[in-house]
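# Survey of secondary and tertiary structure
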There are 2 protein chains.
Amino acid sequence: MKQTKLASIEPTTTAAEAGQTVTEITAARIRERVISGTLSPGSHLSEATLCEELQVSRNTLREVFRLLTTEGVLRHEANRGVFVTTPSISTIMDIFHIRRLIECSAVSGAHHRHPSISKMRAAVDAAIKHRDRSEWLDVGSADIAFHAAIVELADSPRLSAFYAQISLELRLVFGLIRDPEYLHAPYVGQNATILAHLEEGATANAAEALEKYLYQAERFILAAYSRAIPG
Amino acid sequence: MKQTKLASIEPTTTAAEAGQTVTEITAARIRERVISGTLSPGSHLSEATLCEELQVSRNTLREVFRLLTTEGVLRHEANRGVFVTTPSISTIMDIFHIRRLIECSAVSGAHHRHPSISKMRAAVDAAIKHRDRSEWLDVGSADIAFHAAIVELADSPRLSAFYAQISLELRLVFGLIRDPEYLHAPYVGQNATILAHLEEGATANAAEALEKYLYQAERFILAAYSRAIPG
DNA sequence: CTGGTCTATATTGTTCAACAATTTTCGTGC
DNA sequence: GCACGAAAATTGTTGAACAATATAGACCAG
């Protein structure tokens, strides 16, 4: 198992990568390129080109493609190769429908002493700190962590894994809109409101506020996406 | 791309396999062995042994392992290989929690003219026919198709795909209990009741009957699983 | 110009063999 | 039984080769 080769191409092997296989590291790199838009939606990924660029063997890259296809980051067509997925309006609508279903149900059934509440508190505090410094990408990450912590209230590993995939697709949408401030700035306070309801055990109020927020966010993102992506 | 080699080992290349890649066919075969119990829960899958047995290359098998790991059929541990997943009591509880969330929500929001209703009808009719012939595996398959059709009422590709994975895990549980008649016989009529409510537009009644059924089925399967799997 | 056909090229899917790295097994001594 | 070291087994990765499929380009007919 080789871990040194990748280090020589990408400038830094991060601490997070230590102990990871080449396959995992490569998957993370492609994932990041998709989310950042470096690999643009709909584009075809050539095995020959990409394995040369990333300095991994074609077989390893194929394993990575299998992983990322199942995650929804890539789309595989037999004999024609692999393409970056193309979020559409219906993608966004499906994502928000699922979020309302999963997140609101998790909040409705939550116990106000659930361990995940402290994760939500940490995420809200982080978002506020980053907003004050105008670090909008970090605000976005804190928002995503807040919502993942909501899903953890349900104590369902499968729902949490499913939500992680939904989250990844949503990040792809955010990346295409390319305006983290516009996306995240209006909502930092909202998360604090939802959390406050939860911390005092008012789960119905929390679920109602969350649902309202999700409807608003959906409309907001649909509009932004329509402007950012012509046709 | 080779399609002839697999045919020479397994007795018949089925019609369903025509046009499929070796990878897909191999994945399906391993999936089936896991569900049937031929590959038992927790067991380690040796790349060297299995690729020889299935007459595919190790690289191809590794791609298949990536696919099946993401599906939840196998569990991958870096440097130690791949294991068949081991459903536990908490697996069953998680599955039913998710089923109640997804299925009941889909039924509550259903339109009584939704195209999926006819799939549900076909599944109910098939289950009754197979029950009358004591073909219990087929009854089970029809039941699973009925519930997948329920999820399709939501018109959400991601929920349907997620549910397909949940379904697969449930089939693994059923396989371990090894008594399809015991599992499915008590519930054939129940599906007809749920469907009748839906066909007359009484979605709340349908959702209530479905939820009740899911709680019953959960308790039933938990008990059967506890008896079938010691410890 | 458009559509069809054929050929060459490019690409994907799969295989094989080899090597590096990690884990497991086995043997030995206390 | 436990600890240690060596050997063996296994997984992770690589690169080359070949088969199968798709794509691109050239040519011809209407």
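Reading the values: rules and limits
- Residues numbered from 1 in each chain as written.
- Chains lettered and ligands numbered in written order.
- Predicted model: local features only at pLDDT ≥ 70, side-chain atom pairs only at ≥ 80, totals over all residues.
- Heavy atoms only, no water.
- Phe/Tyr/Trp six-rings, centres within 6.5 Å; stacked < 30°, edge-to-face > 60°.
- Helix = DSSP H or I, 4+ residues; strand = E, 2+ residues; numbered from the N terminus.
- Contact = heavy atoms within 4.5 Å.
- Buried area = accessible area lost by both parts, 1.4 Å probe.
- Salt bridge = Lys/Arg side-chain N within 4 Å of Asp/Glu carboxyl O.
- Polar contact = N/O pair within 3.5 Å; in protein donor to acceptor, adjacent residues only side chain to side chain.
- Nonpolar A, V, L, I, M, F, W, Y, C, P; charged D, E, K, R; others polar.
- Axes fitted to C-alpha atoms, helices over the stretch in contact; angles between N-to-C directions.
- Parallel < 35°, antiparallel > 145°, perpendicular 65-115°, else oblique.
- Left-handed = near helix turned anticlockwise from the far one by under 90°.
- Least-squares fit on C-alpha atoms with pLDDT ≥ 70 in both.
- Pairing = 2+ DSSP bridges.
- Expected span 1.5 Å × (residues − 1).
- Buried < 20%, exposed > 50% of the residue type's maximum accessible area, 1.4 Å probe, protein only.
- Domains from an automatic or database assignment.

## Regarding the packing of aromatic side chains
With the rule as written, the count across this model stands at seven aromatic pairs over all chains. Here the aromatic rings of A:Tyr187 and A:Phe220 are separated by 5.7 Å at their centres, their planes lie at 85 degrees, and the arrangement is edge-to-face. Within this pair, whereas A:Tyr187 is found in the loop between helix H9 (180-184) and helix H10 (188-199), its partner A:Phe220 is found in helix H11 (residues 203-228), the two being separated by 33 residues in sequence. When the ring of B:Tyr187 is compared with that of B:Tyr213, the centres are 5.2 Å apart and the planes differ by 75 degrees; the resulting orientation is edge-to-face.

## So, the interface of chain A and chain B
Between chain A and chain B, the residue contacts involve 27 residues of the former and 27 residues of the latter. Broken down residue by residue, the surface that chain A buries against chain B is led by A:Glu63, A:Arg66 and A:Arg158, which jointly contribute 28%. Applying the counting criterion to the chain A and chain B interface returns eight salt bridges. Note that A:Arg158 is salt-bridged to B:Asp94, the shortest N-O span being 2.8 Å. Applying the counting rule to chain A against chain B returns ten residue pairs in polar contact (both at pLDDT 80 or more). Within the residue set of the side of chain A that touches chain B, elements represented by two or more residues are helix H4 (58-71), helix H5 (89-108) and helix H8 (157-177) of chain A. Looking at which element gives the most residues to the side of chain A that touches chain B, the answer is H5(A), with eight residues. Among the residues making up the side of chain A that touches chain B, the classes are represented as twelve nonpolar, nine polar and six charged.

## Describing the packing of helix H7 (residues 136-152) of chain B against helix H8 (residues 157-177) of chain B
All names here are of chain B. H8 packs onto H7 with a crossing angle of 160 degrees between their chain directions and a minimal axis gap of 10 Å. Comparing the axis directions of H7 and H8 gives the class roughly antiparallel. For the pair H7 and H8, the sense of crossing is right-handed. In this structure, H7 uses Ile144, His147, Ala148, Val151 and Glu152 to contact H8, whose residues at the interface are Leu159, Ser160, Tyr163, Ser167, Arg171 and Phe174. Of the residues that constitute the contact of H7 with H8, the class distribution is six nonpolar, three polar and two charged.

## What about the relation of the copies chain A and chain B?
Screw-axis analysis of chain A against chain B gives a translation of 0.0 Å along the axis, an RMSD of 0.0 Å, and a rotation angle of 180 degrees. Put plainly, the chains are arranged around a two-fold axis. It is A:Glu63 whose C-alpha, among those of chain A, lies nearest the rotation axis, at 2.6 Å.

## Considerations on the pairing of strand E2 (residues 74-77) of chain B
Relative to strand E3 (residues 81-84) of chain B, E2(B) runs antiparallel, the two sharing four bridges. Residue B:Glu77 lies in a different strand from E3(B), and its bridge partner there is B:Gly81.

## A look at H4(A)
In an α-helix there are 3.6 residues to a turn, and that puts residues three or four apart on one side. Residue and element names in this part refer to chain A. Under the 1.5 Å per step criterion, the end-to-end length of H4 is 20 Å for 14 residues, consistent within 8% with the ideal 20 Å. All buried positions along H4 are accounted for by Thr60, Leu61, Glu63, Val64, Phe65, Arg66, Leu67, Leu68 and Glu71. Within two residues after H4, glycine 72 carries a phi angle of roughly 90 degrees, on the positive side.

## Observations concerning the sheet that holds strand E3 (residues 81-84) of chain A
All names here are of chain A. Spatially, three strands are ordered E1-E3-E2 in an open sheet, and the strand pairing comes out antiparallel. If you trace the sheet from one side to the other, it starts and ends with strand E1 (44-45) and strand E2 (74-77), each paired once. Seen against the sheet, H4 touches E1, E2 and E3 and runs at an angle of roughly 115 degrees to E2.

## Considering the domain arrangement of chain A
Residues and elements named next belong to chain A. When cut into domains, chain A gives domain 1 (4-84) and domain 2 (89-228). Just the C-alpha atoms count here: the centres of domain 1 and domain 2 sit 28 Å apart. Carbon and sulfur atoms make up 65% of the surface buried where domain 1 meets domain 2, a total of about 730 Å² over both sides. Joining domain 1 to domain 2, the criterion identifies zero salt bridges. For the pair domain 1 and domain 2, the interface holds zero residue pairs in polar contact (both at pLDDT 80 or more). Those elements that place two or more of their residues in the side of domain 1 that touches domain 2 are helix H2 (22-36) and H4. The biggest single contributor to the side of domain 1 that touches domain 2 is H2, with four residues. Broken down by class, the residue content of the side of domain 1 that touches domain 2 amounts to four nonpolar, one polar and three charged.

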